Amino acid sequence: MATAQVQRASIFAIVPEDTAGTLKVVSAATSFIPLKKGFSMSPGFEELTSDELQDDIGMTKPTVGKENPSGSHGAYLKHRGSSDFPVWSHLLLSALGTRVSRGSEYPSVSSTTTVIVVSDDGNFQVGEALFVSDLSAGYVIRNVASKVTSLEQLVLNFAMTRSIGTNSIQKNYMIKPASSDHPSFSAWLYRANGASLEAMAGCKVNSVSIKMTSGGFVEIDFGYQGTKYFFNPINITASNKYLDFFTPQGTSTATLPEKVYRSPQELCDQLITEMSSVNAFDTYIASFNSHGASAGKFTIESDGTRLELLFSNGANSASSLQTALGYSGGNKTGATTYTAANVQTYSSSLTPDYEDQDNIVAKNLDVMVGSQSDNVQRKASSVTITVNTPNTPVDDITSENGILENITMSREVTVTATILLEKHEIGLFDKYVKGTGISFMVNIGPKDGAGNWVVTKTVNIYIANAVLTQHAIGGDDIITLELSAKGYVDTNRKDFYLNFV
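Caption draft 1: Just the overall build of the chain, in detail. The helix and strand inventory of the chain stands at four helices and 35 strands. The long-range fraction of contacts in the chain, counting pairs at least 24 apart against all pairs at least 6 apart in sequence, stands at 68%. In the structure as shown, the chain presents an accessible area of about 22,900 Å², 50% of it carried by carbon and sulfur atoms. The chain carries 37 positive and 49 negative side-chain charges, and their two centres are separated by 8 Å.

Caption draft 2: Expanded view of the sheet that holds strand β25 (residues 332-335). Taken together, four strands build an open sheet; the order of strands is β20-β19-β24-β25 and the sheet is antiparallel. Each end of this open sheet is capped by a strand with a single partner; those strands are β20 (250-255) and β25. Mean inter-strand twist for the sheet, computed between neighbouring axes without regard to direction, equals 25 degrees. Pairing analysis gives six bridges linking strand β19 (residues 242-247) to β20, with the strands arranged antiparallel. Among the inter-strand pairings, Phe245 is bridged to a residue of β20, identified as Ser252. Across the sheet, helix α2 (residues 264-278) touches β19 and β20, and the angle it forms with β20 is around 140 degrees.

Caption draft 3: The arrangement of the environment of Tyr242 in detail. Along the chain, the position of Tyr242 falls in strand β19. Sequence-wise, Tyr242 and Thr255 are 13 residues apart; in three dimensions their C-alpha atoms are separated by 4.8 Å.

Caption draft 4: Layout of empty space enclosed by the protein. All told, the structure shown has one cavity of 30 Å³ or more when counted by the stated rule. In terms of lining residues, the largest cavity is bounded by Val369, Val415, Thr416, Ala417, Ile438, Phe440, Ile463, Ala466, Leu468, Leu483, Ser484 and Ala485. Broken down by secondary-structure element, the contributors of at least two residues to the lining of the largest cavity are β31 (412-420), β32 (438-444), β33 (459-474) and β34 (480-487). Of the residues contributing to the lining of the largest cavity, the split by class is ten nonpolar, two polar and no charged.

Caption draft 5: Looking closely at the pattern of salt bridges. With the rule as written, the count across this model stands at 22 salt bridges. Asp18 is the partner of Lys24 in a salt bridge, and the nearest nitrogen-oxygen pair spans 3.2 Å. The exposure class of Lys24 is partly exposed, given its relative accessible area of 29%. Note on Asp18: relative accessible area 67%, which makes it exposed.

Caption draft 6: Seen up close, the layout of surface pockets. By volume, the largest pocket is sized at about 630 Å³. Mapped by element, the contributors of at least two residues to the lining of the largest pocket are β14 (185-191), β18 (234-236) and α3 (322-325). Of the residues belonging to the lining of the largest pocket, the class tally is 13 nonpolar, eleven polar and no charged. Here the second largest pocket defines a volume of roughly 350 Å³. In terms of lining, the second largest pocket is formed by 15 residues, of which the most central are Gly21, Thr22, Leu23, Lys228 and Phe230. Those elements that place two or more of their residues in the lining of the second largest pocket are β17 (228-231), β21 (259-261) and β30 (403-408). Each residue belonging to the lining of the second largest pocket can be placed in one class, and the counts come to six nonpolar, six polar and three charged.

The rules behind the values
- Residues numbered from 1 in each chain as written.
- Predicted model: local features only at pLDDT ≥ 70, side-chain atom pairs only at ≥ 80, totals over all residues.
- Heavy atoms only, no water.
- Helix = DSSP H or I, 4+ residues; strand = E, 2+ residues; numbered from the N terminus.
- Contact = heavy atoms within 4.5 Å.
- Areas by Shrake-Rupley, 256 points an atom, 1.4 Å probe, with all protein chains shown as cover.
- Lys, Arg positive; Asp, Glu negative; His and termini not counted.
- Charge placed at Lys NZ, Arg CZ, Asp CG, Glu CD.
- Pairing = 2+ DSSP bridges.
- Axes fitted to C-alpha atoms, helices over the stretch in contact; angles between N-to-C directions.
- 1 Å grid on protein atoms, 1.4 Å probe; cavity = no way out; pocket = protein on both sides within 12 Å on 5 of 7 lines; lining within 4 Å.
- Points joined across faces, edges and corners; volume = space filled by probe spheres on them.
- Nonpolar A, V, L, I, M, F, W, Y, C, P; charged D, E, K, R; others polar.
- Salt bridge = Lys/Arg side-chain N within 4 Å of Asp/Glu carboxyl O.
- Buried < 20%, exposed > 50% of the residue type's maximum accessible area, 1.4 Å probe, protein only.

What follows is the structure, given as structure tokens:
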């Protein structure tokens, strides 16, 4: 009798891949990131239809072509609470391509309201968030818009209210765009942590959406595309790849290639091939039971007169398939068909070690739009930032699924914001009609009792280059200004930076 499984009990892990498209197994409890309602992971294939005519107007048998699995993951945008990148940032890294860190505090020498002087500007990069102390307003966060290397100056994106003295600039961890070599990752979804196990190799993020609505949690949602999907996979390594078996012709050893098998059935098919290749006198059957009293168990059988599975005293018993297939109790003798004692398990052997940080509520944030001189807080009721990085498959007829890997071909950054209409505000309209470049910055995180940002809990987003594409008055009750902007790149600055400070 079927038993319903609770989706809420599911867990999810991501593992950066060494080789794009080669599934990497979960080996650390810190690889897990919390799921949020609405997640998905699903296989997908192109459907091929034949134009062959067979004396009927009906369709001939379709078949599957190139593989294109996909998934989505929602998260809450937040720092990890320590000096490093949070685990979920691997998803953002897949979309953007590069991460850099300045893992130590750094003293500033002096400043104006628009420039900070340091002893060596080579320690800093354009786009990096500077967490510094402003004597009139407590801690402030600004980004490096450009550098004057001859003077060791860091030019700020938005002016501060006043100059600062010698103060430490806090550590910073930044993810920024690249034009190539976007890293892939393996995704693992343990449905109900035991109902089923899904995995996807060659994953690259193709869409990012960051949403801030007043009074709600700050959210970040990802869509991703992979190259190969696995359902209830089984990992075969050097420690569990052998099956020693005895027949009337003597003892033979079947050796499975080391890899993660897409499903129990793929493992069965390979086991039959390997057993037959070393002893072709009999016909072997390896099967996985999907239903009935033996559901979840493997069965191995032969049409010959004798079959023994030498789990205890075979030459390779220390590295046998016994545990992987669910068998127990040593050698199997006296019959020609053997069903495993144990069902396959799909739960994680690791207890997730989540980064225990509170979700950030969209209040008391910094929102700045415009040029360096526009150092005013915009009163915004909502801000949404999207980064679309569509992937294109690299076709390869030598690959099992027809695809070598997915390549990120382009990037489009957009911003939409609803801000309170300020009387006499014409600066943004002027920039809109003239197509003047603007910058956008938002600082996200909790503040302490003195109203200062908290180190290792604050996130900074900086869109260095953008043009306004919409400037419209709206609102049913309160008059608002509806803004839209599109990011662009130039020779010095990219269109999107995200910093953990």
